[in-house]
Structures are given as structure tokens and as C-alpha cells.
Amino acid sequence: MEKFQTLRSTVVPMPIEDIDTDQIIPARFLKATTRERFGENLFRDWRYDSNGKAIPDFILNSPIYKGDILVAGRNFGCGSSREHAAWAIFDYGFRVVISSFFADIFKGNALNNGLLPILVSPEVLDQIFKAVEDNPNTEIVVDLPSQKLGIPEQGIEVDFDLNAYKKMCLLNGYDDIDYLLSIKDKIEEFEEKSVHF
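None of these values were measured; they are calculated from a predicted model. (Residues numbered from 1 in each chain as written. Predicted model: local features only at pLDDT ≥ 70, side-chain atom pairs only at ≥ 80, totals over all residues. Heavy atoms only, no water.)

J.: How should I be thinking about the side chain of Q147 in this particular structure?
T.: Here Q147 shows up in the loop between β5 (139–143) and β6 (148–151). Judged by relative accessible area, which is 16%, Q147 ranks as buried. Excluding residues that lie within four positions of it along the chain, Q147 makes contacts with V158, D159, F160, D161, L162 and K167. (Helix = DSSP H or I, 4+ residues; strand = E, 2+ residues; numbered from the N terminus. Buried < 20%, exposed > 50% of the residue type's maximum accessible area, 1.4 Å probe, protein only. Contact = heavy atoms within 4.5 Å.)

J.: In this structure, what is going on with the pairing of strand β4 (residues 116–119)? I would like to understand it.
T.: In this sheet, β4 lies alongside strand β3 (residues 96–99) in parallel orientation, the contact comprising 4 bridges. In the strand pairing of β4, I98 is matched with I118. This β-α-β element, β3 to helix α4 (residues 104–112) to β4, shows right-handed connectivity. (Pairing = 2+ DSSP bridges. Right-handed = clockwise from strand over helix to strand, strands pointing away.)

J.: Could you clarify how one ought to interpret the packing of aromatic side chains in this entry?
T.: How two aromatic rings sit relative to each other is given by the distance of their centres and the angle of their planes. For the structure on display, the rule yields 8 aromatic pairs. On the numbers, 5.2 Å between centres and 80 degrees between planes, the contact of F76 with F106 is edge-to-face. Of this pair, F76 sits in the loop between β2 (69–72) and α3 (84–92) while F106 sits in helix α4; the two residues are 30 residues apart in sequence, bridging distant segments of the chain. Overall, F106 belongs to the buried group, its relative accessible area being 3%. Three or more aromatic residues joined by ring pairs make a cluster, and in this case those are F43, W46 and F58. Over the aromatic face of F101 sits the side chain of R74, whose NZ or CZ is 4.9 Å from the ring centroid. Sitting over the face of the ring of F90, R95 holds its NZ or CZ atom 3.7 Å from the ring centroid. (Phe/Tyr/Trp six-rings, centres within 6.5 Å; stacked < 30°, edge-to-face > 60°. Lys NZ or Arg CZ within 6 Å of the ring centre and 35° of its normal.)

J.: Explain the nonpolar core here, please?
T.: Nonpolar side chains in soluble globular proteins tend to be buried together. Counting residues in each nonpolar core, the largest one holds 53 residues, and the members touching the most others are F43, F76, I98, L116 and V142. Among the elements that take part in this core, helix α5 (residues 122–134) stands out by supplying 5 residues, more than any other. Setting aside residues no more than four positions away along its own chain, I98 makes contact with I69, L70, V71, A72, I118, V120, L125, I128, I140 and L149. (Core = buried A, V, L, I, M, F, W, Y, C linked by side-chain atoms within 4.5 Å.)

J.: Just to check I follow, could you spell out the sheet that holds strand β1 (residues 6–14) for this structure?
T.: In a beta sheet, neighbouring strands pair by backbone hydrogen bonds and run either parallel or antiparallel. Read from one edge to the other, the open sheet built from 7 strands follows the order β4-β3-β2-β1-β5-β6-β7, with strand pairing classed as mixed. Looking along the sheet, the strands with just one partner apiece sit at the ends: β4 and β7 (156–159). Strand-to-strand twist in this sheet, taken as the mean axis angle between neighbours without regard to direction, amounts to 25 degrees. Here 3 bridges tie β2 to β3, and the two strands are oriented parallel to one another. Its bridge partner lying in β3, L70 is registered against V97. Along the sheet face, α5 touches β1, β2, β3, β5, β6 and β7 and points at about 115 degrees away from the line of β2. (Axes fitted to C-alpha atoms, helices over the stretch in contact; angles between N-to-C directions.)

J.: Just to check I follow, could you spell out the side chain of N109 for this structure?
T.: Here N109 is to be found in helix α4. A relative accessible area of 12% means that N109 is categorised as buried. Excluding residues within four positions of it along the chain, N109 makes contact with S81, R82, E83 and A86.

As C-alpha cells, then:
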């Protein structure tokens, strides 16, 4: 996985609540067994009509909003537990998703795949949506080491919570296997000591 330290980016606002994993990546696209090319079908049924033509007023088709951060309404990633939803968001190019509530399984899948879900209060979420509506070029700064999210032009800075193990994995670009490999010497040392008991 890619290492994550600090990200400064404009955002794509999607103020829709209860976005489920079937809307993120429809079930008919789950046949692949590798993570590549899922981004092509992110929000497929919202991005394209039945003839495969882009729907102009859908936010991902807008020339106005671009960036590495997706800002979504409450209860993002609900529905089925498909890991492909995190794959699709990451493969599209997003590195952070901000919402006021995430489904637990989606949150875990995101963190396991290098995608940082940041939980903010409903008030902060509203401030982000308003700032981006007023100025689509508004930038958000995500500082993972200090666990802070800021909107510099608004003078807003808030802390966000993150599991210490998942934070360490993101900072180092580790998945769970990479982490185990990084402490291989310690594991071997422990096993060697255990043999003598």
C-alpha cells in the first residue's frame, strides 16, 4: 500500500445520506478477483445512463469538483459488506472519505485497503459542504501523524480519532501481512524462546 502522511486537496462533495455499497459498486461488477479497474465502475448507475452515457449532473462527471477527498453524507458505506466498495473508491483516486457516520464494516475495509475514513461531527460536515459550495477550490488538509483535519481558508481545524494500529499501518504503507513481515525477527525470537519452556 501507499504510505500516507499529509494530504492537501480539493474535494468532491456528495451530500447524500445512506449511500450503500451497492450504489458505490453495483453487484454485477463483483466478479473480478483483483483490485484493479474497479474505479471505472464507482457509482456506475449514478454516473452513467443505461446506454453508458455520462450523466452530466452527477458530481463525478462535473468539471467543477475534483480532488483526492470524497465528502459524503451520514451513514456512508452501509449495506452489504463487500470489500470491493473500498477498492473502487481507492482505485478511482480518492485517498480520504469524510462523513459524520460510517458503517463499521466499510470503515474496516477502507482502512485495510489504504483508504482513510475520517469521522467528523454533523456540524463540521455541514461546514465542509458549505465551504465547498461557496468555493469549489476549497482545500482540506489531512495530517495523519497529528490526526488533524483542517480547512485553512476557513480557519477550521479539528481532531479525528483513529485506531493506533491502523494509523501505524497507513503511515508505513502496511497491510496486515506487511506488518507481520516487519516484525518477523521479533516473532522468530519469541518462537525460539517459547521452545525452551
